[in-house]
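Residue-level listing of the chains:
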Amino acid sequence: MSAPRTPLLSIKDLHIEFDTPDGTVKAVNGINIDLFKGEVLGIVGESGSGKSQSWMATLGLLAENASTSGAVLFDDHNLLNLPTRDLNPIRGNRIAMVFQDPMTSLNPYLTVETQMIEALRIHQKDMSKPAARQRCIQMLDRVAIPDADRRLKQFPHELSGGMRQRVMIALALLNDPEILIADEPTTALDVTIQAEILDILLDLQRERGMAVVFITHDLGVVAEICSRVCVMYAGQLAEVGPVEDVFTDARHPYTLSLLKATPRAAQDTTEQSNEALYAIPGAPPNMRMPPQGCPFEPRCACANSECSQENPKLEPLDDAPERLKACFRQQSSAELTEALNHGR
Amino acid sequence: MAYALQRFGQMLIIVIIALFAVFSTQRLAPGGPFDGERPPPPAILENLRAYYDMDLSMPAQFYAYLFGMAGREIEANGTAGKAHWFVVPKNAEITTLGGTTDRSTDDDLFVRRFCPWDQWLGQVLPGARAHMRENGTVFRKCGVVRGDFGLSMARRSIYVNDYVRDGLPATLKYAIPSLLFALLLGVPMGFYAAYRQNKPADFIMITIGMFGTVVPNLVMAPLLIFLFAVQLDAFFHWLFVETLEWIELARRQRTLNLIPSGKTGGVMHYVLPTLVLGTGLLGRIVRLSRAGALEALRSNYVRTARAKGLPAHVILLRHVFKPAILPVLTYMGPVTAFILTGSLVIERAFSLPGLGRQFIAAATDRDYTLLMGTTVILLLAIILLNFIVDLLYTWLDPRIRRGGGRS
Amino acid sequence: MSLLNRERNEEALAAAGEVLRSRSLTQLAIARFLRNRVAVGATAIVIVMILLATFAPIFELLTGYEMDYQDRNFYSGKAPNWDAKHYFGTDQNGRDIFVRTMFGMRISMLVALVAASVALVIGVGYGAISGLAGGLTDTIMMRILDLLISYPLTLIAVIALAYFGRNIFIVFVIIGLVEWQIMARVIRGQVISLRNSDFIEAARAAGVRPIGILVRHIVPNVTGVAIVYMTLIIPEVILVESFLGYLGLGVQEPNTSLGVLISEGANSIERKPWMTYGPGMFLVVLLLALNFVGDGLRDAFDPKDR
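Looking at the overall build of chain C
In step 1: Per the secondary structure count, chain C includes 14 helices and 0 strands.
In step 2: In chain C, the succession of helices and strands from N to C terminus is α-α-α-α-α-α-α-α-α-α-α-α-α-α.
In step 3: Counting all 306 residues of chain C, 45% fall into the buried class.
In step 4: Within chain C, residue pairs in contact and separated by at least 24 positions form 68% of the contacts whose partners lie at least 6 positions apart.

Structural notes on the overall build of chain B
In step 1: For chain B, the helix and strand inventory stands at 15 helices and 5 strands.
In step 2: Looking at chain B residue by residue over its 407 residues, the buried ones come to 41%.
In step 3: For chain B, restricting intrachain contacts to residue pairs at least 6 apart in sequence, the fraction spanning at least 24 positions comes to 64%.

Describing the packing of helix α6 (residues 97-133) of chain C against helix α13 (residues 258-267) of chain C
Residues and elements named next belong to chain C.
In step 1: Relative to each other, α6 and α13 sit at 135°, their axes nearing to 7 Å. As far as their axial angle goes, α13 and α6 are oblique. The segment α6 lies against α13, with Arg-100, Thr-101, Gly-104, Met-105 and Ser-108 engaging Leu-258, Val-260 and Leu-261.

Observations concerning the sheet that holds strand β3 (residues 40-44) of chain A
Either a parallel or an antiparallel arrangement is found when strands of a sheet pair, and the pairing is made through backbone hydrogen bonds.
All names here are of chain A.
In step 1: Here 8 strands make up an open sheet; going across it, the order is β6-β7-β8-β3-β9-β10-β12-β11 and the pairing mixed. The open sheet has two edge strands with one neighbour each: β6 (95-98) and β11 (315-316).
In step 2: Relative to strand β9 (residues 228-233), β3 runs parallel, the two being bridged by 4 bridges. Paired with Gly-42 across the strands is Val-229, a residue of β9.

Brief notes about helix α1 (residues 51-58) of chain A
All names here are of chain A.
In step 1: Here α1 lies mainly inside the structure; 8 of its 8 residues are buried.
In step 2: Of all the positions in α1, only Lys-51, Ser-52, Gln-53, Ser-54, Trp-55, Met-56, Ala-57 and Thr-58 are classed as buried.
In step 3: Following α1 by one or two positions, Gly-60 has its phi on the positive side, about 65°.

Re the interface of chain B and chain C
In step 1: If you look at the interface, chain B gives 36 residues, while chain C gives 32 residues.
In step 2: Contributions of two or more residues to the side of chain B that touches chain C are made by α1 (2-28), α7 (217-240), α12 (332-349), α13 (355-365) and α14 (368-396) of chain B.
In step 3: No other element matches α12(B), which puts 10 residues into the side of chain B that touches chain C.
In step 4: For the side of chain B that touches chain C, the residue count by class is 27 nonpolar, 8 polar and 1 charged.

Topic: the nonpolar core
In step 1: With 269 residues, the main nonpolar core has A:Val213, B:Ala221 and C:Val237 as its most contacted residues.
In step 2: Residues in contact with A:Val213, not counting those within four places in the same chain, are A:Leu35, A:Leu41, A:Ile43, A:Trp55, A:Ile179, A:Ile181 and A:Ala182.

Quick notes on the sheet that holds strand β2 (residues 23-35) of chain A
All names here are of chain A.
In step 1: On the basis of which strands lie adjacent, the open sheet formed by 4 strands has the order β2-β1-β4-β5 and antiparallel pairing. With partners counted over all chains shown, the strands left at the sheet margins are β2 and β5 (77-78), one partner each.
In step 2: One ladder, built from 10 bridges, connects strand β1 (residues 9-20) with β2; its direction is antiparallel. Opposite Ile-16, over in β2, you have Val-28 as the bridge partner.

Describing the packing of helix α3 (residues 112-123) of chain A against helix α4 (residues 129-142) of chain A
Residues and elements named next belong to chain A.
In step 1: Interhelical geometry of α3 versus α4 gives an angle of 110° and a closest axis separation of 9 Å. With respect to α4, the axis of α3 lies roughly perpendicular. The chirality of how α3 crosses α4 is right-handed. On α4, the residues that touch Glu-113, Met-116, Ile-117, Leu-120 and Arg-121 of α3 are Lys-129, Ala-132, Arg-133, Arg-135 and Cys-136.

A look at unusual backbone geometry
In step 1: Although it is not a glycine, A:Asp147 sits at a positive phi angle of roughly 60°.
In step 2: Structurally, A:Asp147 can be placed in the loop between α4 and α5 (148-152).

Examining the pairing of strand β10 (residues 236-242) of chain A
Residue and element names in this part refer to chain A.
In step 1: In terms of burial, β10 is a largely internal element, 6 of the 7 residues being buried.
In step 2: Examined bridge by bridge, β9 and β10 share 6 bridges and lie antiparallel to one another. Within the sheet, the bridge partner assigned to Val-231 lies in β10 and is Glu-239.
In step 3: Hairpin connection from β9 to β10: 2 residues lie between these consecutive antiparallel strands, with Ala-234 at a positive phi of about 50°.
In step 4: Here 2 bridges tie β10 to strand β12 (residues 324-325), and the two strands are oriented antiparallel to one another.

Thoughts on the confidence of the model for chain B
Residues and elements named next belong to chain B.
In step 1: Mean pLDDT over chain B stands at 73; residues scoring 70 or higher make up 69%.
In step 2: The model gives residues 70-88 a pLDDT under 50, and that stretch makes 46 contacts with residues more than four places away or in other chains.
In step 3: A low-confidence stretch, residues 107-129 stays under pLDDT 50, and its non-local contacts, those more than four residues away or across chains, total 55 contacts.

Quick word on the pairing of strand β4 (residues 66-74) of chain A
All names here are of chain A.
In step 1: Where β1 lies against β4, 8 bridges are found, and the strand directions are antiparallel. By the bridge assignment for β4, Ile-16 is matched with Thr-68.
In step 2: Here 2 bridges tie β4 to β5, and the two strands are oriented antiparallel to one another. When the sheet's bridge partners are listed, Leu-73 is paired in β5 with Asn-78.
In step 3: Counted between consecutive antiparallel strands, the loop separating β4 from β5 contains 2 residues, among which Asp-75 sits at a positive phi close to 55°.

A short note on the confidence of the model for chain C
Residue and element names in this part refer to chain C.
In step 1: On average, chain C scores 77 in pLDDT, and the residues at 70 or more come to 80%.
In step 2: Taken element by element, chain C is modelled with least confidence in helix α1 (residues 2-15), mean pLDDT 44, and with most confidence in helix α3 (residues 37-54), mean pLDDT 88.
In step 3: In the model output, the complex is listed with pTM 0.78 alongside ipTM 0.86.

Thoughts on the environment of A:Leu324
Residue and element names in this part refer to chain A.
In step 1: In this structure, Leu-324 sits in strand β12.
In step 2: A residue is classified by how many C-beta atoms lie within 10 Å of it, and Leu-324, with 20 of them, is buried.
In step 3: Spatially, the C-alpha atoms of Leu-324 and Ile-145 are 41 Å apart, while their sequence positions differ by 179 residues.
In step 4: Look past the residues within four positions of Leu-324 in its chain and what remains in contact with it is Glu-239, Val-240, Gly-241, Leu-314, Glu-315 and Pro-316.

Focus: the environment of C:Phe33
All names here are of chain C.
In step 1: Relative to the assigned elements, Phe-33 resides in helix α2 (residues 25-35).
In step 2: Residue Phe-33 is classed as partly exposed on the basis of its C-beta count, with 18 C-beta atoms lying within 10 Å.
In step 3: Spatially, the C-alpha atoms of Phe-33 and Asp-295 are 9.9 Å apart, while their sequence positions differ by 262 residues.
In step 4: The contacts of Phe-33, once residues within four sequence positions are left out, are Ala-39, Gly-296, Leu-297 and Ala-300.

Rules used in this analysis
Residues numbered from 1 in each chain as written. Chains lettered and ligands numbered in written order. Predicted model: local features only at pLDDT ≥ 70, side-chain atom pairs only at ≥ 80, totals over all residues. Helix = DSSP H or I, 4+ residues; strand = E, 2+ residues; numbered from the N terminus. Buried ≥ 20, exposed ≤ 12 C-beta atoms within 10 Å, placed from the backbone. Contact = placed C-beta atoms within 7 Å. Axes fitted to C-alpha atoms, helices over the stretch in contact; angles between N-to-C directions. Parallel < 35°, antiparallel > 145°, perpendicular 65-115°, else oblique. Pairing = 2+ DSSP bridges. Nonpolar A, V, L, I, M, F, W, Y, C, P; charged D, E, K, R; others polar. Core = buried A, V, L, I, M, F, W, Y, C linked by C-beta atoms within 7 Å. Left-handed = near helix turned anticlockwise from the far one by under 90°. pLDDT = per-residue confidence, 0-100.

Given below as structure tokens:
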């Protein structure tokens, strides 16, 4: 791993706010993420932590009432203030996205064929319709949809959920994007189908060497497929680093709580069989009025007075410069675990 | 298609129920078409009532109205049987339309009692006997199902069909243009407002929509008459009458006059009625199509479309149009109701000889047959338009097309 | 002061990382409504108009309801004249249009209230029965409603009024019979979502009889929605009344309504346009304001549908 790699895409100090009738919601508060070529980056966090919104912002897909500041740098462009006209050649062509809910993400009024071909031909203007159709069939075969020719003529409601999500993935990969943003692509699906979809996704990633951003709240999935992980909490990054390091030696109390709150089927029988699953006390902060200190402080077992005064910055660890965390406590993972158990 | 047909069948049932409801309530209500200031003598009244089948039971009357048959026993020698059409046995004595007395030669002869004043007028229908022998039933020549609405009760020499033939085109002449005006202008306006949500353009569209919905026809009509007919006329007079005589000439020849006067009006006579009805519809359609487009624009599939890099016009036309037009389509049923209700106001305000005017006249004069005739036409218009809407619906929404119903 | 305290409380709660659910839904809705400036303005206009209509007899003292006897020839069918205190002019019988408009508005509002209540009762009843019965009954009732919405019930009202006389109470009831369908549909949706809710389930499990559930749980929870939709029905009802009045089928002399006044004015629009101005303006403003109030209330109670 050479030290100064140039990132493919980098998010710089991104802030996102939503203007709602009941006040301004500060969904994302100054996050910095670098995405490198060919990596699978996991974004983990609870619902409402801003993990999806921050990546929606990169493609300009936020709702009308959102306002952003900061920058998303991609290929010398700042995607945040690029006009739609200039953003469109990037959308779906160089950066593609797969959404969470396959049931509603395809247009129910149009055939699969129409929706796939339009995605191809908008970026490859000289492609003929039969050629585009051929490419769609190939792509559907690739995501293991049998009888692709017939499926193309169908409407989304005639496909099963897993099938629709595979269509979504095929749709996203039609133009060989450099970056694929997968926003909880398997959350709405059965576990067995989930595994299939993940396999297909990983295969395609290796085959094409594209960067994948995998947004999820499922730590197991992250451990399985990601190389690096960003843990988000209340619109901020809590911890960033290689998956193995973060999961075996978590340094942020939130990451640790999250890990301890995750059921692990394999390990439960051996180590923790007698131990009840950990539940993080309290609820995430109200994002209309984020606290002035560390957002995790009210729920943190290791917090002290400093934590409620000031919001910690995301800084490299002393012993591992490729890892970052936003916490004043400089304890090791073991010490934090002790504190957590004690605090209960 | 199956869906649309099913809906059509349901609507037909409702139409028949509605017709029966109107039919029976008007006959059961106090008062009747024949009690004016100088009611006819009891004998004539009885004949009149018999002639219009009003001496029958309510279901029988309705049956007779629909199928033109009173469904009574046929009595010997053609002396009784007070129905429009009935079969006279052989050698019965009848009065023909020509006024001469005749004897029936066939065993089956059709007689229509044409005049209520106890004169028996008959007409020999060739082929009637053969028809009866073949079908085992009586040859039906009149009744609503055959397109015969009968004679008017208030003016007994005029057929309701003639009223309808005059009234329907007059109503359609402004109803259809106003619907087209509202749809062709309102849908793009609503879409544009949704696309520019919370921008000045949106605000203007919402205001137009609001005013169209809120300013009633009965305010709009006199207002436009005053502005265009009275004030504009005065304005033209002031502007042109001394300098350009030909304008005044044209005005006198009613080519510049926007107010309908007289029974046969030119195109210009329908401009203001169209505008009045059209703006009311426009407001509603702008609001509906805006709401529909907004919902579609916020949907996940439009987000997908944006993520594909599709330009705005493709998204609007391909991804938003169909789902956004559906609420407008659903509203077409109430729109028909709105037009029909509005026609009453408009035809009164502009003195147009349309169905709406006849409807009110029929209701106030207790002209049972005329009221039923106009009601039939109005109901037919409603189910026809609803049928078209359902067909469009099936065409637009694939989920209905392949089984299932509208949710 | 108490508002300030509440805000401070909120801050404290938020700082503690608590989810804010301290205010009831109704309070939230009222707060949302008060923030909607257009709706608040419209409410003020409606209140002023209600006051004007209520105190219409006071204006009668100003100029008299019957013809102006000061100089009948001068004041019959005259344009607005501030010196003579005929602000909207007089009609062909010398009656002051402004006073007539106030009295007309009075009848229009009375009709609105009574007819909207009739619509409320029918709509809530129909919707509640349909929603509670469920199954085939519900399907059939909703189908009927679906089809009824496509039919111009106003025309049935025209027939009914023509046949059964023009008594003001008949007008009330018949208009109420015309305008209940949307209410029924909304109430049905509300009832169904309530029926599937846990506390009804609990009540049923505890052995409360259906009537008890209806009276004690469903009715109180449906009332808010019913009232919101009643404010949306009221302008419709006023519209229908003025429509019937315009056709000469509404209230009869000496009573009058906005529709009747506009009808009278429309007949002589070419020579006496002021006879239409006053009533027309009041009708439009009233409808506009009522619409804004209704929309505002609906948005406040149901913010997702804006």
